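Coordinates in review
Next come the chains, spelled out residue by residue.
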Amino acid sequence: MVAIPAAIAAPPELKAVIKGLSFFYGDHQALKDIHLGLPDNAITALIGPSGCGKSTLLRCFNRMHDLYPGNRYVGEIVLRPGNLNIISPRVDPMEMRLRVGMVFQKPNPFPKSIFENVAFGLRLKGINNRHVVAERVESALRSAALWDEVKNRLKQSAYALSGGQQQRLCIARALAPEPEMLLFDEPTSALDPAATAHIEDLIYQLKDRLTIVIVTHNMQQAARVSDETVFLYHGEVIEADKTSTIFENPSKELTSEYLTGRFG
Ligand SMILES: Nc1ncnc2c1ncn2[C@@H]1O[C@H](COP(=O)(O)OP(=O)(O)OP(=O)(O)O)[C@@H](O)[C@H]1O
Ligand SMILES: [Mg+2]
C-alpha cells in the first residue's frame with residue numbers, strides 16, 4: 001500500500017521526498033515501497049511497533065547503512081534544495097551528513113572535551129579559524145540549551161556530564177555544522193521525565209530552523225511535539241497525515257488499533 005500525504009501536492013514546502021524506497025538487509029526486506037513527503041520546518045514523528053522499520057528508515061536519511069556490506073537501497077530520497085538523491089552511490093555520504101544530522105537513543109559523546117565534541121563537525125567542514133570555531137561552538141551550545149551549564153568547563157571531558165546534558169551535547173554537536181535536517185531516534189528513552197521535557201522543548205524550538213524527523217515509542221511525545229505522523233507496520237507506511245488527524249481520526253483500522261493498544 002502507498003500513502004502519499006496531502007502535503008505532496010505542494011512540492012515547494014517539502015524538505016525531502018521519499019519515492020519508492022525499499023531497503024534490504026541482505027535477503028531481509030525491511031522497508032517496502034515507501035512514498036512520503038516531509039514538510040520543511042516541521043516535525044515528523046515515525047511511530048509503529050518494535051521491528052516495523054522506524055530506525056531503518058531514519059538511517060537511510062544519513063546513509064548509516066552504507067557501513068555494512070549486503071545492505072541495499074531501492075528508490076530515492078530527494079533532499080531539497082538541489083534535488084540531491086541522498087541514497088545515490090554518487091552522493092558522498094560525508095558531505096551529505098553535514099546537511100542531515102542525527103541524534104541517537106543513547107547519548108554518544110566522543111571521548112573528547114565538551115568543546116571538541118561540538119567543534120567536531122566544523123573541523124570536518126574545514127572550519128579551523130579559532131574565533132569562528134569558538135563562536136559556532138557557543139552558538140550551538142546555546143541552541144541546545146546547554147551553554148549556561150558548561151560555559152566554565154568547556155575543556156572538561158564530555159563524560160563528566162549527566163545523561164541529559166550529554167544528550168543536549170550530542171544535539172549541539174549535530175547543530176554546529178548547521179544541518180538542514182535533524183534526525184532523532186528515540187532521543188529521550190534513556191532520560192528521566194525532567195530531562196525528557198527539556199529535550200522536547202528544545203526539539204520544538206528547533207523546527208523554526210530545521211526539518212526534524214523523530215522516532216518515538218511514546219505516543220504522548222509524538223502527539224506533543226510533531227506536526228505530521230507516519231505510522232509504519234512491517235516496513236510499510238500504513239498512514240501518514242497531520243498528527244491531530246492520526247491521533248483523533250485515523251483513517252485506517254490498523255492505526256487506531258495500534259494507538260489504542262489493541263495490537264496482537
Ligand atoms: N543490521 C540488521 N541486519 C538484519 N536485519 C536487521 C538489522 N537491523 C534491523 N533489522 C531488521 O529490520 C526490521 C526493522 O528493524 P528496525 O530496527 O528498523 O525496527 P524499529 O521499528 O526501529 O524497532 P524498535 O522500535 O524496536 O527500535 C526488523 O525486522 C529487524 O529485525
Ligand atoms: Mg528502532
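Heads up: these notes are all about the structure in this document. (Residues numbered from 1 in each chain as written. Chains lettered and ligands numbered in written order. Predicted model: local features only at pLDDT ≥ 70, side-chain atom pairs only at ≥ 80, totals over all residues. Heavy atoms only, no water.)

With that out of the way, let us pick up the side chain of Thr 229. Assignment of secondary structure puts Thr 229 in strand 9 (residues 228–233). For Thr 229, a relative accessible area of 0% translates into the label buried. What Thr 229 contacts, discounting residues up to four positions off in sequence, is Ala 45, Ile 47, Glu 239, Ala 240, Asp 241, Lys 242, Thr 243, Ile 246 and Phe 247. (Helix = DSSP H or I, 4+ residues; strand = E, 2+ residues; numbered from the N terminus. Buried < 20%, exposed > 50% of the residue type's maximum accessible area, 1.4 Å probe, protein only. Contact = heavy atoms within 4.5 Å.)

Moving on: helix 7 (residues 193–206). An ideal rise of 1.5 Å per residue puts 20 Å on 14 residues; helix 7 measures up with 20 Å between its terminal C-alpha atoms. Among the residues making up helix 7, those that are buried are Ala 195, Thr 196, Ile 199, Glu 200, Leu 202, Ile 203 and Leu 206. In an axial view of helix 7, the angular spread of the buried residues amounts to 165°, which keeps them on one side of the axis. Residues Pro 193, Ala 194 and Gln 205 are exposed on helix 7 and point more than 90 degrees away from its buried face. Buried residues along helix 7 sit in contact with strand 3 (43–47), helix 4 (130–143), helix 6 (163–175), strand 7 (181–185), strand 8 (211–215) and helix 8 (219–225). (Expected span 1.5 Å × (residues − 1). Arc of directions from axis to C-beta.)

What follows concerns the pattern of salt bridges. Following the criterion strictly, the structure yields twelve salt bridges and no others. The closest approach of N and O atoms between Lys 151 and Asp 148, which form a salt bridge, is 3.5 Å. For Lys 151, a relative accessible area of 37% corresponds to the partly exposed category. Across the pair Arg 262 and Glu 253 runs a salt bridge whose closest N-O atoms are separated by 3.9 Å. Among the residues examined, Glu 253 registers a relative accessible area of 48% and is labelled partly exposed. Through salt bridges with shared partners, one network takes in Lys 15, Arg 99 and Glu 180. (Salt bridge = Lys/Arg side-chain N within 4 Å of Asp/Glu carboxyl O.)

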